[in-house]
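The primary structure of each chain is shown beneath.
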Amino acid sequence: MFDILVYLYETYYRPDACPEPAALARKLSAVGFDDIEISEALDWLTGLTDAPLPDTIDASTGMRYYVDEEYIELGSAAIGFIAFLESAKVLGPIQREIVIERALACDESPIALSKLKIIVLMVLWSQGKEPDALMFDDLFSDDDEQEPRLLH
């Protein structure tokens, strides 16, 4: 599924340039993606576009606490990266909640950081936003096998 999401991000500059689901499924199949992966990706994308959240969250200055289930499903690396993106102003509170919801919709626990980065890119892409060049490089780097960054 994540290979398809990356393919969509790289192929369609804007989400509105993406064809309707039936046509998209045919195009993805023609490119060589598996039907099961295509179905999973389209379901995941439908969940992304159907994520209604109130506008009042955007003005929130409160702190986000994770319930035990979220902490177990996401893992500390993902939660730390989400907090980093929020502090760097890459994600707002609404985007953070969409990222969390879409990460929890995946069948992986805890979610790999490389997959979380793809989710973040897709959330930004779906909203027509693009991270700056440095953040883009960080989102496309594979930190799963690298040493953790030092904060000092």
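What you are looking at is a predicted structure, and each value in this text was computed from that prediction instead of being measured.

## Focus: the confidence of the model for the protein chain
Here is step 1: The share of residues in the protein chain with pLDDT of 70 or more is 78%, and the mean pLDDT across the chain is 82.
Here is step 2: Every residue in residues 145–152 scores below 50 in pLDDT, and together they form three contacts with partners more than four places removed in sequence or on other chains.

## Let's talk about the pattern of salt bridges
It is possible for side chains bearing opposite charge to pair when their charged atoms get close.
Here is step 1: On inspection of all chains with the given rule, the structure shows six salt bridges.
Here is step 2: Glu97 is paired through a salt bridge with Arg64; the nearest N and O atoms lie 2.6 Å apart. With a gap of 33 residues between them, Glu97 in helix H6 (residues 93–104) and Arg64 in the loop between helix H3 (35–49) and helix H4 (68–74) connect regions that are remote in the sequence.
Here is step 3: A residue is classified by how much of its surface remains accessible, and Glu97, at 17% relative accessible area, is buried.
Here is step 4: Between Arg102 and Glu101 there is a salt bridge, and its shortest N-O distance comes to 2.7 Å.
Here is step 5: Glu101 gets classed as partly exposed once you look at its relative accessible area, which sits at 34%.
Here is step 6: One network of salt bridges, with partners in common, ties together Arg64, Glu70, Glu86, Arg96 and Glu97.

## Section: H3
Count 3.6 residues to each turn of an α-helix, and residues three or four apart come out pointing the same way.
Here is step 1: If you check H3, its first and last C-alpha atoms are 21 Å apart, about what 15 residues at 1.5 Å a residue would give, namely 21 Å.
Here is step 2: Buried residues of H3: Ile38, Ala41, Leu42, Trp44, Leu45, Gly47 and Leu48, and no others.
Here is step 3: If you follow the buried residues of H3, they end up packed against helix H1 (2–11), helix H2 (21–31), H6 and helix H7 (113–126).

## What to know about the environment of Glu86
Here is step 1: By the secondary structure assignment, Glu86 is in helix H5 (residues 76–87).
Here is step 2: Glu86 sits in the partly exposed class, given a relative accessible area of 22%.
Here is step 3: Sequence separation between Glu86 and Arg96 is ten residues; the distance between their C-alpha atoms is 7.3 Å.
Here is step 4: The residues touching Glu86, leaving out its near neighbours within four places in the chain, are Leu91, Gly92, Pro93 and Arg96.

## Overview of the packing of aromatic side chains
Here is step 1: This structure, assessed with the given rule, holds two aromatic pairs.
Here is step 2: Their ring planes at 35° and their centres at 5.9 Å tell us that Phe81 and Phe84 sit as a pair that is tilted. With Phe81 and Phe84 both in helix H5 and three residues apart, this pair spans about one turn of that helix.
Here is step 3: The exposure class of Phe81 is buried, given its relative accessible area of 6%.

## Observations regarding unusual backbone geometry
Here is step 1: Of note, the amide linkage connecting Ser109 to Pro110 takes the cis form, showing an omega dihedral of -10°.
Here is step 2: Looking at the element boundaries, Pro110 is found in the loop between H6 and H7.
Here is step 3: Phi at Lys89 takes a positive value of approximately 65°, unusual for a residue other than glycine.
Here is step 4: Residue classification places Lys89 among the exposed residues on the basis of a relative accessible area of 72%.

Quick notes on the rules
- Residues numbered from 1 in each chain as written.
- Predicted model: local features only at pLDDT ≥ 70, side-chain atom pairs only at ≥ 80, totals over all residues.
- Heavy atoms only, no water.
- pLDDT = per-residue confidence, 0-100.
- Contact = heavy atoms within 4.5 Å.
- Salt bridge = Lys/Arg side-chain N within 4 Å of Asp/Glu carboxyl O.
- Helix = DSSP H or I, 4+ residues; strand = E, 2+ residues; numbered from the N terminus.
- Buried < 20%, exposed > 50% of the residue type's maximum accessible area, 1.4 Å probe, protein only.
- Expected span 1.5 Å × (residues − 1).
- Phe/Tyr/Trp six-rings, centres within 6.5 Å; stacked < 30°, edge-to-face > 60°.

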